[in-house]
Amino acid sequence: MHQPSATTLSARAEMRATALIYTASFSYMITLGFTMLLVPLYALHLGFDLAELGIIVSSQALFGLFLRLFTGAFCDQFGERWVLWGSFSTMVAGAAIFAYSGTFWALILAQTFLGISRATYWTSTQSYSSRINPAKSGTLLGRMSSSGTAGQMVGAFLGGVIAETMGYGWAWAAVVGLGVVGFAGSLVLPVLPRKDVRRGFKQALAPIPTLARTPSMGMAGFTAFVASTSMTIAVILLIPYLRELDNGEATIGAVRTVGSAGSVVIGIFFGRIIGRFGQQNLYMFVLTLLGLTMLAVPLVGGGLLALSIVMFAYGTLHGVLGPLYPLTASTYSSQEQRGMAIAYVGLYWATAQIVVPAAFGLIALNWGLKDSFWFAGVMFLGFAIAMPILFPLLTKRRSQVSEPVA
């Protein structure tokens, strides 16, 4: 049935919506930068071992694993603003629990709230940005990502400084305050025009069985798992390793900020890079370098300059994988199923967030942090070796789809 076309925003309303979603992204990612640094350091500060730390870190993704699919349908039904409000609210709730309790199960509960917040944030902001002006969706999404990365850098640095100088209680209170400010800002987001006829939940979720049977979506899911693993390794191994070397919270936060700077730099040139190398070759190249970077960590010693260089390299390489896996999902899915395809591969991302921290927490506890980097390096090299086999095998049915270059 023909769908009536949606009306467009006025130039003034479009500018307002754009500025506010960038601000919301910046403020939310400040809180994410805080939490990605504070959660492992706070757990270690409370005396939990590395295996328990792995469980605590992974618990944030458990509930959000399947929430991603329903978030897209909820956005279609009621609008992205409601979902974004819920994202900020659950971030505030999780941070408040961290601030007032230090027991194992309280941390699990706090992480659950943070996981709900993350699962709902990405879908709502990406959907909202893409609908402000569909003709400029690529530019809007890219700039929103840049503003978010800048916010994450600020959060990682400030989180370390506040935790070391004022204590973890004040650091978590800062997350609560920032979350409240972000929530207040998101309240005034303009309502975007939409089609008169909305899809119900059943219609929105209908493509899932087909996507699950599509080999190219299996490839996209695998790449999402790999990209998520690269993000998680930094939390479960690199931050505890820096702590083991007797670095303070401020120093660790500064080193983490250096890693985020690498992601900002690569994001500027991502379009040109993918156009030059192609997806399969870029995966092989990046994963090989990630493996070598992990193998290098135990060899460079405890010098901050050497470790900062390693973190910058690691952040740069992860900065390639971050936008690369949704590009894979977009390339090998139809326009009509694009949103649900990205939500589907998000399940693989969330699975890695659960499995990898728990597994490497146990490895680090039993074999030590230094040896854990050898395991991680071999794992990434294994991913790289698999790419020239899996990628053409699983994507050959859609080989006629050209790769975007921008």
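Quick look at the structure, then. These numbers were taken from a predicted model, which means no experiment stands behind them.

On a plain count of helices and strands, the chain comes out with 16 helices and zero strands. Classification of the 406 residues of the chain by burial places 52% in the buried group. When contacts within the chain are restricted to residue pairs at least 6 apart in sequence, those whose partners lie at least 24 apart make up 87%.

With that out of the way, let us pick up the nonpolar core. Trp-172, Ile-233, Leu-237, Leu-287, Met-294, Phe-360 and Phe-380 are the most contacted members of the largest nonpolar core, which totals 108 residues. Here Ile-233 is in contact with Leu-238, Met-294, Tyr-314, Val-356, Phe-360, Ala-376, Met-379 and Phe-380, once residues within four sequence places are set aside.

Before going further, it helps to spend a moment on a nonpolar patch on the surface. On the surface, a cluster of nonpolar side chains totalling about 300 Å² of accessible area is made up of Phe-26, Val-154, Phe-157 and Leu-158. Looking at the nonpolar patch, the element that brings in the most residues is helix H6 (residues 137–166), giving three residues. Note that Phe-26 resides in helix H1 (residues 11–45).

Phi is mostly negative for residues that are not glycine, and the peptide bonds are mostly trans. Its identity is not glycine, yet Asp-246 carries a phi of approximately 70°, on the positive side. Its location among the elements puts Asp-246 in the loop between helix H10 (215–244) and helix H11 (249–268).

Right, let's get into the packing of H10 against helix H14 (residues 304–331). Packing of H10 against H14 brings their axes to within 9 Å, and their N-to-C directions diverge by 160°. Of the possible angle classes, the one that applies to H10 and H14 is roughly antiparallel. The interaxial crossing formed by H10 with H14 has left-handed handedness. Broken down by class, the residue content of the contact of H10 with H14 amounts to 16 nonpolar, five polar and no charged.

Here the focus is the pattern of salt bridges. Counted under the stated rule, the structure contains one salt bridge. A salt bridge links Arg-243 to Glu-249, with the nearest nitrogen and oxygen atoms 2.7 Å apart. A relative accessible area of 9% places Glu-249 in the buried class.

Take Ser-124: it is sitting in helix H5 (residues 104–132). Among the residues examined, Ser-124 registers a relative accessible area of 1% and is labelled buried. For the pair Ser-124 and Arg-81, spaced 43 residues apart in sequence, the C-alpha to C-alpha distance is 7.3 Å.

The next subject is helix H13 (residues 279–296). A rise of 1.5 Å per residue sets the reference length of H13, with its 18 residues, at 26 Å; its end C-alpha atoms lie 26 Å apart and thus fit the reference within 8%. Listed in full, the buried residues belonging to H13 are Gln-279, Leu-282, Tyr-283, Val-286, Leu-287, Leu-290, Gly-291, Thr-293, Met-294 and Leu-295.

Bringing the side chain of Thr-395 into the picture now. The residue Thr-395 is located in helix H16 (residues 369–395) in this model. A polar atom in the side chain of Thr-395 sits 2.5 Å from the backbone oxygen of Phe-391. Once residues lying within four places of it in the same chain are set aside, the contact partners of Thr-395 are Ser-216, Met-219 and Tyr-332.

For the rest of this paragraph, the subject is the packing of aromatic side chains. The full count for this structure, using the stated rule, is 15 aromatic pairs. Their ring planes at 85° and their centres at 5.3 Å tell us that Phe-104 and Trp-105 sit as a pair that is edge-to-face. A relative accessible area of 65% means that Trp-105 is categorised as exposed. When the ring of Phe-222 is compared with that of Phe-383, the centres are 5.7 Å apart and the planes differ by 85°; the resulting orientation is edge-to-face. One end of the pair, Phe-222, is in helix H10; the other, Phe-383, is in helix H16, and 161 residues separate them in sequence. Given a relative accessible area of 13%, Phe-383 falls into the buried group. An aromatic cluster of three or more residues is present, and its members are Tyr-42, Phe-98, Tyr-168 and Trp-172.

Thresholds applied
- Residues numbered from 1 in each chain as written.
- Predicted model: local features only at pLDDT ≥ 70, side-chain atom pairs only at ≥ 80, totals over all residues.
- Heavy atoms only, no water.
- Helix = DSSP H or I, 4+ residues; strand = E, 2+ residues; numbered from the N terminus.
- Buried < 20%, exposed > 50% of the residue type's maximum accessible area, 1.4 Å probe, protein only.
- Contact = heavy atoms within 4.5 Å.
- Core = buried A, V, L, I, M, F, W, Y, C linked by side-chain atoms within 4.5 Å.
- Patch = residues over 30% accessible without salt bridge, like charges linked within 9 Å, V, L, I, M, F, W, Y side chains within 5 Å.
- Areas by Shrake-Rupley, 256 points an atom, 1.4 Å probe, with all protein chains shown as cover.
- Salt bridge = Lys/Arg side-chain N within 4 Å of Asp/Glu carboxyl O.
- Axes fitted to C-alpha atoms, helices over the stretch in contact; angles between N-to-C directions.
- Parallel < 35°, antiparallel > 145°, perpendicular 65-115°, else oblique.
- Left-handed = near helix turned anticlockwise from the far one by under 90°.
- Nonpolar A, V, L, I, M, F, W, Y, C, P; charged D, E, K, R; others polar.
- Expected span 1.5 Å × (residues − 1).
- Polar contact = N/O pair within 3.5 Å; in protein donor to acceptor, adjacent residues only side chain to side chain.
- Phe/Tyr/Trp six-rings, centres within 6.5 Å; stacked < 30°, edge-to-face > 60°.

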